[in-house]
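# Remarks on the overall topology
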Amino acid sequence: DDAVRDAAEIRAAAAKAAGAAAHDGAARDKAWRHERMRLSNAAAAMAARAETAEAALRRADDELRAYQHRLEHAEMRAANAEASENRVQKAVDRAARYDALLD
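Right, let's walk through the structure included here. (Residues numbered from 1 in each chain as written. Predicted model: local features only at pLDDT ≥ 70, side-chain atom pairs only at ≥ 80, totals over all residues. Heavy atoms only, no water.)

### Things to note about the overall build of the chain
If you tally the helices and strands in the chain, you get one helix and zero strands. Over its C-alpha atoms the chain spans a radius of gyration of 44 Å, topping by over 25% the 13 Å that the globule rule assigns to 103 residues. For the chain, the spread of C-alpha atoms along the three principal axes comes to 150 × 10 × 10 Å. The buried share of the chain, reckoned over its 103 residues, is 1%. Only carbon and sulfur atoms are counted for the fraction: they give 59% of the accessible area of the chain, which is about 9200 Å². With 18 positive and 19 negative side-chain charges, the chain shows a separation of 4 Å between the mean positions of the two kinds. (Helix = DSSP H or I, 4+ residues; strand = E, 2+ residues; numbered from the N terminus. Rg over C-alpha atoms; globule rule 2.2 N^0.38 Å. Buried < 20%, exposed > 50% of the residue type's maximum accessible area, 1.4 Å probe, protein only. Areas by Shrake-Rupley, 256 points an atom, 1.4 Å probe, with all protein chains shown as cover. Lys, Arg positive; Asp, Glu negative; His and termini not counted. Charge placed at Lys NZ, Arg CZ, Asp CG, Glu CD.)

Have a look at this one:
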């Protein structure tokens, strides 16, 4: 009787330990799935922010190129205006010399 009772107690303790281990395993699996999902969501958010930053960088680069283009055109117009001003001044000087010769 004692041996049977001891065997039953041992079987009950083993079953209880197996149930606890299974519960712990399920809890670990659930925690791992949760952590994996959290990390996956964090990675997706970081990728979205990186894409947004890359798009902003591309826009800034495009704006810089457009500004440089406008600046080059403004510099060319300024150079043309200066050249025109020099031609006009030379013509005024030439006309003054001709007037002086006619006097």
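### Some details on the pattern of salt bridges
Applying the stated criterion across every chain yields a total of four salt bridges. Its salt-bridge partner being Asp2, residue Arg5 comes within 2.3 Å of it at the nearest N-O pair. Of this pair, Arg5 and Asp2 both sit in helix H1 (residues 2-102), three residues apart, roughly one helical turn. Among the residues examined, Asp2 registers a relative accessible area of 47% and is labelled partly exposed. Among the ionic contacts, a cluster of salt bridges with common partners joins Asp61, Asp62 and Arg65. (Salt bridge = Lys/Arg side-chain N within 4 Å of Asp/Glu carboxyl O.)

### Some remarks on a nonpolar patch on the surface
A cluster of nonpolar side chains, Leu64, Tyr67 and Leu71, forms an exposed patch at the surface whose accessible area comes to about 280 Å². The topology assignment puts Leu64 in helix H1. Note on Leu64: relative accessible area 43%, which makes it partly exposed. (Patch = residues over 30% accessible without salt bridge, like charges linked within 9 Å, V, L, I, M, F, W, Y side chains within 5 Å.)

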